[in-house]
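Structural description and commentary
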Amino acid sequence: MPIDLIKPGGDLAAVDKLNQTIAKANEVDGKASTAALTTGIAAEAAARRAEILALPMPIPVQHRPGDAPLLFGRSLADGEPELIPPLPASLLRYGEAGKVVRLTGDDIVAPRHLYAIEPGRRYLVIFAVQRRVNSADPDNDAIRCALAWYGQGKGRLLATPQTVVQDLLGLTTGSGRQVVRAVVSRSAGAGVDIVAPAGARHSRPYCQGFGTLVQNDVEVINWVDITDAIAFAPDVSSLQDQIDQVLSLGLGDRVGELEAQVTAPNDFRVATIADLIAANVPVTADTVQVLGFYAPGDGGGHRRIRSPGADISKVQSADGALWAVAEAVPALQHFGGVDDGATDNRDPLARAKSHLGATGRTLRLPKIGTGVYEFSTPGALIDLSGITAQAEAGVKLRGPIAFPSTTRATDIPVDYRDAGGTEFENFRLPAYQARPIEQKQRWLTGGDLDHKEISAYDMTTGVAEKLDLLGSDAWVTDAAVSSSADTRTINLTADGFMRAAFVPVRGGDEISVAFWPGNFIRSAVIRYAGGYATFYANDGLATLRIKPIGGAATEFTGLSWFGRADNPAWAPNKAEWKIRIYDSRTWSLLLNGMEIIAPQVVAGPIMDAGFGMYGVDSITASMSYLTKTRRSEPAGQAPARVLCIGDSTTEDIIGGWPYAMKETLNGSLGLRVWDVFNQAVAGQTSAQQLTALNANDAQLTIATHVVIHVGINDSQGSGPATTLANIGAMIDRIVSRGIPAGRVVLCVPYLWYTKILAGGVKGFDAGPNDAHWLLRAGIKRLAATRGCRLVDFQEVLAAVTPIDLNRPLQVDPIVRDNIHPTLYGYRAMGEAVAREVLASSALRMTQRMAAYPLHASWLRNSWALDGGRPAQIEVTADGMVSLTGLLNKGDVAEPVIIARLPPNMRPSTTREYAARTNTGSITVLYVGPDGNLTLSSFPGGATSVALDNVVFPASD
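Here we summarise the structure given alongside this text. (Residues numbered from 1 in each chain as written. Predicted model: local features only at pLDDT ≥ 70, side-chain atom pairs only at ≥ 80, totals over all residues. Heavy atoms only, no water.)

1. With respect to the overall build of the chain
Operational definition: Helix numbering and strand numbering both begin at the N terminus, where a helix is a DSSP run of H or I of at least 4 residues and a strand a DSSP run of E of at least 2. Relative accessible area decides the class of each residue, using a 1.4 Å probe on protein chains only: under 20% of the type maximum gives buried, over 50% gives exposed, and in between gives partly exposed. What makes two residues a contact is simply this: any of their non-hydrogen atoms within 4.5 Å. With residues, only the protein chains shown are counted as cover, and all accessible areas are computed by Shrake-Rupley using a 1.4 Å probe.
On a plain count of helices and strands, the chain comes out with 14 helices and 58 strands. Relative to its 956 residues, the chain shows a buried fraction of 45%. In the chain, 65% of the contacts between residues at least 6 apart in sequence involve partners at least 24 apart. Just so you have it, the chain exposes about 45,300 Å², and 55% of that area is on carbon and sulfur atoms.

2. Focus on the sheet that holds strand 45 (residues 705-709)
Our working definition: Paired strands are those between which DSSP finds at least two bridges. In this analysis, axes come from line fits to C-alpha atoms, helices being fitted only over the stretch in contact, and the angle between any two N-to-C directions falls in the range 0 to 180 degrees.
The strand order across the open sheet built from five strands is 44-43-45-46-47, with neighbouring strands paired in parallel fashion. Unpaired on one side and paired on the other, strand 44 (673-678) and strand 47 (789-792) mark the two borders of the sheet. Sheet twist, expressed as the mean angle between neighbouring strand axes with direction ignored, is 20°. Where strand 43 (residues 640-646) lies against strand 44, five bridges are found, and the strand directions are parallel. In the sheet register, Cys644 faces strand 44, and the bridge partner there is Asn678. Those strands touched by helix 14 (residues 823-841) are strand 45, strand 46 (744-748) and strand 47, and its axis lies near 165° from that of strand 47.

3. Regarding empty space enclosed by the protein
A water-sized probe rolled over the atoms picks out the places where empty space is left. Under the convention used in this document: In the cavity and pocket records, a cavity denotes points on a 1 Å grid over the protein atoms alone where a 1.4 Å probe fits but cannot get out, a pocket denotes an open set with protein on both sides within 12 Å along at least 5 of 7 lines, and lining residues are residues with an atom within 4 Å of a point. Grid points are joined across faces, edges and corners, and a volume is the space filled by probe spheres set on the points.
Inspection of the entire model under this criterion finds three cavities of 30 Å³ or more. Considering only enclosed or pocket space, the largest cavity measures out at about 70 Å³ in volume. Forming the walls of the largest cavity are Val505, Arg506, Gly507, Ile581, Asp583, Ser584, Ile606, Gln847, Met849, Val875, Asn904 and Met905. Considering only enclosed or pocket space, the second largest cavity measures out at about 60 Å³ in volume. Considering the residues around the second largest cavity, the lining is formed by Leu332, Leu349, Leu363, Leu365, Phe375, Leu384, Ile387, Ala389 and Leu397.

4. Thoughts on the environment of Val133
Examined against the element boundaries, Val133 turns out to sit in strand 6 (residues 122-133). Excluding anything up to four places from it in sequence, Val133 contacts Thr173, Leu213, Val214 and Gln215.

5. Considering the side chain of Thr822
In this fold, Thr822 is placed in the loop between helix 13 (793-797) and helix 14. Assessed through its relative accessible area of 10%, Thr822 is described here as buried. The contact partners of Thr822, leaving out residues within four places of it in the chain, are Asp812, Pro813, Ile814, Val815 and Arg816.

6. Overview of the packing of helix 7 (residues 657-665) against helix 14
Cut-off, in case you're wondering: The labels follow the angle: roughly parallel below 35 degrees, roughly antiparallel above 145, roughly perpendicular from 65 to 115, and oblique for the rest. Handedness of a crossing is defined here by the sense of rotation of the near helix relative to the far one, left-handed for an anticlockwise turn of less than a right angle and right-handed for a clockwise turn. Residues were grouped as follows: Ala, Val, Leu, Ile, Met, Phe, Trp, Tyr, Cys and Pro as nonpolar; Asp, Glu, Lys and Arg as charged; and all remaining residues, including Gly, as polar.
Between helix 7 and helix 14, the shortest axis-to-axis distance is 7 Å and the interhelical angle comes to 50°. As the angle between them shows, helix 7 and helix 14 are arranged oblique. In terms of crossing hand, the pair formed by helix 7 and helix 14 is right-handed. Residue-level contacts link Trp657, Ala660, Met661, Glu663, Thr664 and Leu665 of helix 7 to Tyr826, Arg827, Met829, Gly830, Glu831, Val833, Ala834, Val837 and Leu838 of helix 14. Class assignment of the residues belonging to the contact of helix 7 with helix 14 gives a composition of ten nonpolar, two polar and three charged.

7. Quick word on the packing of aromatic side chains
Using the following cut-off: Pairing of aromatic side chains here covers Phe, Tyr and the six-membered ring of Trp, requires ring centres within 6.5 Å, and sorts the geometry by plane angle: under 30 degrees stacked, over 60 edge-to-face, intermediate tilted. Lysine NZ or arginine CZ positioned within 6 Å of the ring centre and within 35 degrees of the ring normal marks a charge as sitting over the ring.
Taken as a whole and assessed by the stated rule, the structure comprises 14 aromatic pairs. Across from the ring centre of Phe497, 4.8 Å away, lies the NZ or CZ of Lys466, which sits over that ring. Sitting over the face of the ring of Trp475, Arg527 holds its NZ or CZ atom 5.4 Å from the ring centroid.

8. Some details on the side chain of Lys578
Definition in use: Between N or O atoms, a polar contact is any pair within 3.5 Å; within protein, one atom must be a potential hydrogen donor and the other a potential acceptor, and residues adjacent in sequence are included only when both atoms are from side chains.
Checked against the element boundaries, Lys578 lands in strand 37 (residues 576-581). By relative accessible area, which is 16% here, Lys578 ends up buried. A polar side-chain atom of Lys578 sits 3.3 Å from a polar atom in the side chain of Glu510.

9. Here we look at helix 8 (residues 686-694)
Rules: Taking the helix axis as origin, the arc is that swept by the directions to the C-beta atoms.
Those residues of helix 8 lying buried are Ser686, Gln689, Leu690 and Leu693. Buried residues along helix 8 cover an arc of 105° about the axis, so they all sit on one side. Of the surrounding elements, those touching the buried residues of helix 8 are strand 43, helix 9 (697-702), helix 10 (712-715) and helix 11 (720-736).

As structure tokens, then:
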């Protein structure tokens, strides 16, 4: 049935609204439900509470937050009081003095309203607080009584947001009720403790607790206008007689102490730590203000509080009290530290660490003097672990600084000095030596793993051969060798023979050896089908000799490499030698893990490689520890110098892509970028950059790589044909200076857009890119025909559209002004170029060898290649050897060896195959681990045999 309306009475407006709710409920099918009525009443009650809280609040008569929780809040926010929620009932407690607000840890209590500060008026602010629950030190558990300042519009002042009336430090439950008072005015005057800052028109007194587990009761926060208060002077007619009596008793020296006890001071001030040690601090003082550690104003000024328990970080005054540093973030100067580059800071650091404990708390290292903190006293390493060292700009540490993984610090330079006094510069204490696990940035996957295979080579079983270096092409067996598994020893003479130990190698293999000291020539030898190449040196410059069988030798003499003149470790007689085989025809040489010559390409498939020794006098020479490694990633790259050619999109600016390229390259596969030469000039065309390149001999002579990014300015003027011709001329110039075309990176410019496309109001007034499509195709064609590397910046940066300028929060616009990249764009470009630069040096290592006709030197017993389909050999990337084609009949005496495969393309065991002759008959073909291809018989009438079904894994 319908619910009756409420009879008028009391708050008529509220009753009327409730009756409207009941009437609406009764309209639903003519009946009202209890649920509908309850919902309506709850909504009305919430609305009424909101209205009450929003009402302008008069200046309250209540000054006790516990008794008037609706008048106080937990915020110092700007604006009217209704914007601040009142105190929750959960904070209210009953204490000895009545109802109070109890704060746990960090929290604030303040009036919701602001007090106006009128000119010419004085106000007394009063706070009453008490510690209820102590917490373990160090907890930074102070109570702050302060004033927040607001301007005419009730907004918080920015220059001086608050003034601290008093920080109550070292409170305990035994300290009792603490009352703090201060007189406040807009202008200074007698009896005024705090002058409101400029612009302050309102104030809000507040109490703020600090710490974690500590609990504090806030009893009173009061603001009283005392301008018109009247003070009555007492009768002092007998005052002089009393003073005379005191003086007659000779108690003048005790007046100061008596006054201190009567007024119960809680703060005490001294000039230095030495003065504190000599002082008798009043028992009522719980805080000492030290103006300087050694002298006032020396940077060591700080506060100390009473703290029981002996500790090297504390100071004991003459009265026996112990005083601990009370700064939330102390500086080393508070413990006696000095940054003058001479004073030893070992003891001050020990005191600071003892005070902070192994908690990771921060120790400041300010720059007050020279900024150099010296640690000179002999002893254990200086260990900064357990604290967080926070250094100002210009600060440096000098001494035997330890770097344990638990050290936490801002970025601090360190001049390390060992126990012997030797100094090493360029150390840095990074912000985080050990990154927290939640900041892990990469996870390795299968593609990141290095599955290299390493094997020790037994030098008693290797091939030992010698060559008359200047008089013959023929390698012959060398009998004058004494070997153990680790070492090969040869008695050398100046007989002109190079003696070497060879190992079968394929692409992806590296072999290394160590030569023993002595006056002899060391060499690396590569033997390929049709000749050999050798790199040899003693302690001076080197020679590269390439000798085809039956042809004239080509020699490159006087060779040097990075570091050769600077560091004895890169001398050939004091280095580990390593031969790297990139693929079936490409090799290079490393000394002590650094590639010292660019990859060399030989005329035929590489068969084996080894190390040799050549006598210049009679000497016993040795080499040891021949090791073979199979890998897919060529580390140890030689340092690089990169020349950049281009326009304003390449020029030398902060954050440009050449910087991102250098950052990416450094340390990748052991490569270091020594220099980036940037000849790019804003606004220049390819023709102007070609002119600059032709005149740039100084940088081009020492550069190892060149990056060309031109065409954007050309596309706004001349056609693509001119640009492509200029790029081609640049390549010619670069190659003529000894830089291989494979180390030239051509960049396809990205698309840009005009100011009109950007709405006519944004960005650079760039020209159209209507012919960009033809330039793109032409640059790629140049890279293909000239053997250069290629980066397509358009593919790197993806779509570049005008709409991106208006969506900076959703996607980086890539170009910041229609044509020049953003920092994001430059970074993407730099990393793409870095990949190409590194790939041009660190070639792909692979066993794969394309099909190659069996070399004439491999054929035996007058067998020959068929003219129509000659026999060929091929190796796959995983080392599978296959033979195809025909060999024509020679000697057929049974069994007959028809060919011998090179040592790196032989099976590990004898293989048997059915081979078909040109007449269709079948013969048996054997392929042995010695490389011999042997026919057991050869049918009469047949003139050739097919090798098409011969497939086997090459032996390692």
